Amino acid sequence: MGVVNGSYLIARTLKEEGVDTLFYLTGGPAFDLIFACQDLGIKTVDFRHEQAAAFAAHAYARVTGKPGVCAAASGPGTLNLLTGVYTASIDCAPMLILGGASPVHEIGREAFQEVDQVGVMQPLCKYWHRPTKAERYPEIVSTAYRQATSGRPGPVYIDCGADVLYEELDEEAAIRPSRATKTSRPAAEPGAVTEAIDMLAGAERPIIIGGGGVFFSGGAPELESLVDITGIPFFTAPMSRGIVPEDHAVSFQGARSMALRNADVVLVVGTRFNWMLNYGRRFSDDARIIQVDIDSAEIAHNRDVDLGIVGDAKVVLGQMVGEAETRGSSFAGALESPWVVGLREDNDRRAAQLAPLLNSNDSPIHPLRICKEIRDFLDRDAILCVDGNEILHFGRQSLPTYLPGHRLNSGVTGTMGVGLPYGIGAKLAKPDKQVLVLHGDGSMGLNAMEIDTAVRFDLPVVTVVCNNAGWMARTPDMPKPGRELGFTSFDGMATALGGYGERVEDPDEIRPALERAFGSGLPAVINVVA
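Residues numbered from 1 in each chain as written. Predicted model: local features only at pLDDT ≥ 70, side-chain atom pairs only at ≥ 80, totals over all residues. Heavy atoms only, no water.

Undergrad: Where do I start with the packing of helix α11 (residues 220-230) against helix α13 (residues 313-325) in this structure?
TA: Axes are the key here: two packed helices are described by the angle between their axes and the distance separating the axes. Remark: α11 packs on α13, axes separated minimally by 9 Å, with the N-to-C direction vectors making an angle of 25°. Comparing the axis directions of α11 and α13 gives the class roughly parallel. The element α11 and its partner α13 pack so that their crossing is left-handed. Contacts between α11 and α13 involve E222, L223, S225, L226, I229 and T230 on the former and, on the latter, K314, L317, G318, M320, V321, A324 and E325. Across the contact of α11 with α13, the residue classes break down as seven nonpolar, three polar and three charged. (Axes fitted to C-alpha atoms, helices over the stretch in contact; angles between N-to-C directions. Helix = DSSP H or I, 4+ residues; strand = E, 2+ residues; numbered from the N terminus. Parallel < 35°, antiparallel > 145°, perpendicular 65-115°, else oblique. Left-handed = near helix turned anticlockwise from the far one by under 90°. Contact = heavy atoms within 4.5 Å. Nonpolar A, V, L, I, M, F, W, Y, C, P; charged D, E, K, R; others polar.)

Quick look at the structure:
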């Protein structure tokens, strides 16, 4: 024990909470905070733009289930984090943001880089604080970390004034954070579980839809068990693909529209009736809806439901598994029911329609041929990040995912530029896994300098750019202003920054290029003329 400053107390508390990685861009007044994190064994990774640091922290949360932690300098540095905070907020992903700020005791005097960062961050964060005394940092940081992960997860923000960061005090004078040794999770009322399984067992055309609440609760094994027992077809929110392996016997990704349109009973777990589900209207008006969510305010938001269950996704799914196991005969023959057979046929029909494009030898190369080569090359446990417009849709149709947290994309927000930062965050989270980023050339351009970050930290992320020389697809009959970008030499950029780069014009060269890129052991860019 001895004299310490506020920056040290923040770093010490992060370490106590289990934080192992900090994403940041250097600048005042956060220098001492970064040094303190390094001294305590927290890996610190600096980016070329704060936006990318926030995206990487979001990806880290989406892969590990733990809060991603990011920091930035005051004023424009912290404001540059905002788009990443927005994506995490809408995705309900836990993130802890440490914003350097002008001195608290000079607020209103027009200090250097003074801006109301709390006011900017507050609408996107479930908790915020502006400490005025360094002694409170341990208490506030610990509370923020807990808030990020409790209930429905989300970003939290701490405004770190320079004077409070620099304040010195005896370490023993710091307020000790309070923590629970053990915490229970909210379960469903037993009668509600029985009613839910009754509805599913009595359905002719049931489906299950899972989202981020399943992943962040750790409920993927329970959801897979429920699908195994009942034989009910499942679908997921885009960022939650892989919570049940997509080669499961009742995985029919190509029949999603048919399933949602014709289902008579729908179990929705840990996801919202947002625009992706057309606010719940993707289902028939006659469909009976069971909704499970940890946030009671989310029940029946945008759509009437027949049974709302407030509880933790993992716990409630475990209860449903137990109830379904007692009714084994109720679900006998589900895999050969007219409903499942019909979805399988629709899925196979869609696959047959895609097959010519997946195997196309056209030049420029069709995006689906790129996807097919990636699909056939990647390990089963690879992490795939997809970012763009046209390529995002083709990737959704053709690239499966088999493990929770191993699929990241632009998500509900449609934010461009997330791909490479997501790939870096994912590689830091799971360095032993293949990480491939599938980018459009427009979205790649937004954060392409993060190739340098990957090189500096020896992170062999492989990026495949589907390069059609412009934003969106070419549509001569409907020109778009500002679409044309020309063919950007991202492969040359990768080489110049110390990575591996290769340009591909022949579809038969995609796989060899993938082999060379992963074999190089370097951050790599394969630039495909599409």
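After that view of the structure, there is still more to cover.
Undergrad: Would you take a moment to explain the nonpolar core for this structure?
TA: Grouped together as the largest cluster of nonpolar side chains are 101 residues, with contacts concentrated most on I207, F283, I309 and M320. With nine residues, helix α3 (residues 50-64) is the single largest residue contributor to this core. Non-local contacts of M320, meaning those with residues more than four positions away in its chain, are made with V193, A196, I197, L226, L267, V292 and I309. With 33 residues, the next largest nonpolar core counts V69, L96, V104 and I140 among its residues. (Core = buried A, V, L, I, M, F, W, Y, C linked by side-chain atoms within 4.5 Å. Buried < 20%, exposed > 50% of the residue type's maximum accessible area, 1.4 Å probe, protein only.)

Undergrad: Mind showing me how you'd approach the environment of S360 here?
TA: As for its placement among the helices and strands, S360 is situated in the loop between α14 (338-358) and α15 (367-377). On the accessibility criterion, S360 (7% relative accessible area) is buried. For S360 and P507, which are 147 residues apart along the polypeptide, the C-alpha to C-alpha distance reads 8.1 Å. Among residues more than four places away in sequence, those in contact with S360 are H366, R369 and P507.

Undergrad: How should the sheet that holds strand β2 (residues 21-24) be read in this particular structure?
TA: Hydrogen bonds along the backbone pair up the strands of a sheet, which may run parallel or antiparallel. Reading across the sheet, the six strands line up as β3-β2-β4-β5-β7-β6 and stay open at both edges, with parallel pairing between neighbours. Of all the strands in the sheet, the pair left with one neighbour each is β3 (43-46) and β6 (127-129). Sheet twist, expressed as the mean angle between neighbouring strand axes with direction ignored, is 20°. Two strands pair when backbone bridges link them, and β6 and strand β7 (residues 155-161) are joined in this way by three bridges, in the parallel orientation. Bridging from a neighbouring strand, Y127 pairs with V156 of β7. Strands β5 (95-101) and β7 of the sheet are contacted by helix α5 (residues 82-91), whose axis makes an angle of about 155° with β5. (Pairing = 2+ DSSP bridges.)

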